[in-house]
Amino acid sequence: MTATYPCPGIRVVRGPDWAGRDQDGGEGHVGTVVKIEDSDWAKGKVSVIWDSGREFQYRAGYDGKFELLVFDSGPTGDQVKGAQCDGCGEVNISGMIWTCSTCTNFILCTLCYNTERHDTDHAFLCSLTINSPL
Ligand SMILES: [Zn+2]
Ligand SMILES: [Zn+2]
């Protein structure tokens with residue numbers, strides 16, 4: 001399927017691999033994820049519109065780099081860390097995490113989300129996760 005990501009506009013700030021200098025308007029400024037790249041060559045990249053109105057593309061798992069941190073991940077924030085995929089069983093999913101808004105505690109990695117291992121009538125919320133390489 002050609003996935004149209006129902007991304008709800010995650011709020012983000014600059015992360016550990018930030019390389020965008022002052023594109024965000026300065027440290028501590030908040031932006032909104034507007035697009036998640038799903039083509040093969042750009043997987044793991046997202047586009048962000050900063051509150052200043054400027055739009056740029058950043059790495060969210062691409063090349064193993066995480067330029068963004070989730071600023072306000074809401075009530076699921078704590079569960080996301082070290083999450084296990086309910087599709088393939090992978091622990092510590094990196095990059096994007098997909099949480100089913102219908103089922104309780106149902107989480108998929110991007111790969112499983114894209115390969116439809118779940119009821120496609122269920123809406124998914126996506127969030128960014130940061131995994132320590134250590
Ligand atoms: Zn998976
Ligand atoms: Zn579900």
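Heads up: the structure comes first, above all this text.
Notes on the structure follow. In this text, all values refer to a predicted model and were calculated from it rather than measured experimentally. (Residues numbered from 1 in each chain as written. Chains lettered and ligands numbered in written order. Predicted model: local features only at pLDDT ≥ 70, side-chain atom pairs only at ≥ 80, totals over all residues. Heavy atoms only, no water.)

1. Thoughts on the coordination of the zinc ion (ligand 2)
By definition of the ideal shapes, a tetrahedral metal site with four donors has angles of 109.5 degrees and an octahedral site with six donors has angles of 90 or 180 degrees. The following threshold applies: Here a donor is an N, O or S atom found within 2.8 Å of the metal, or within 3.2 Å if the metal is Na, K or Ca; sites may look incomplete because water is not among the atoms. Tetrahedral means four donors with every angle between 85 and 135 degrees, whereas square planar (four donors) and octahedral (six donors) require angles over 155 degrees between opposite donors and between 65 and 115 for all others; sites fitting neither are termed irregular. A run of H or I in DSSP becomes a helix once it reaches four residues, and a run of E becomes a strand once it reaches two; helices and strands are each numbered from the N terminus. Here the term buried applies to any residue with accessible area under 20% of the maximum for its type, exposed to any over 50%, and partly exposed to those in between, with areas from a 1.4 Å probe on protein chains only.
Here the zinc ion (ligand 2) is held by the protein donor atoms Cys 100 (SG), Cys 103 (SG), His 118 (NE2) and His 122 (ND1), which lie 2.0 to 2.3 Å from it. Classification of the site at the zinc ion (ligand 2) as tetrahedral follows from its 4 donor atoms and the range of 106 to 113° in their angles at the metal. Going along the chain, you hit the donors of the zinc ion (ligand 2) in the pattern C-x2-C-x14-H-x3-H. Placement of the pair is Cys 103 in the loop between strand S6 (95–100) and strand S7 (107–109) and His 118 in the loop between helix H2 (110–114) and strand S8 (124–129), with a sequence separation of 15 residues. You can call Cys 103 partly exposed: its relative accessible area is 27%.

2. Describing the coordination of the zinc ion (ligand 1)
Every protein donor of the zinc ion (ligand 1) is accounted for by Cys 85 (SG), Cys 88 (SG), Cys 109 (SG) and Cys 112 (SG), and the metal-donor separations fall at 2.3 Å. Coordination at the zinc ion (ligand 1) is tetrahedral, judged from the 4 donor atoms that bind it and the angles of 103 to 115° they form at the metal. Mapped onto the polypeptide sequence, the residues donating to the zinc ion (ligand 1) form the spacing pattern C-x2-C-x20-C-x2-C. With Cys 88 in the loop between helix H1 (77–80) and S6 and Cys 112 in helix H2, this residue pair connects regions lying 24 residues apart in the sequence. The exposure class assigned to Cys 88 is partly exposed, which follows from its relative accessible area of 41%. According to the relative accessible area criterion, Cys 112 is buried, its value standing at 1%.

Shape descriptors only; they carry no functional weight alone.
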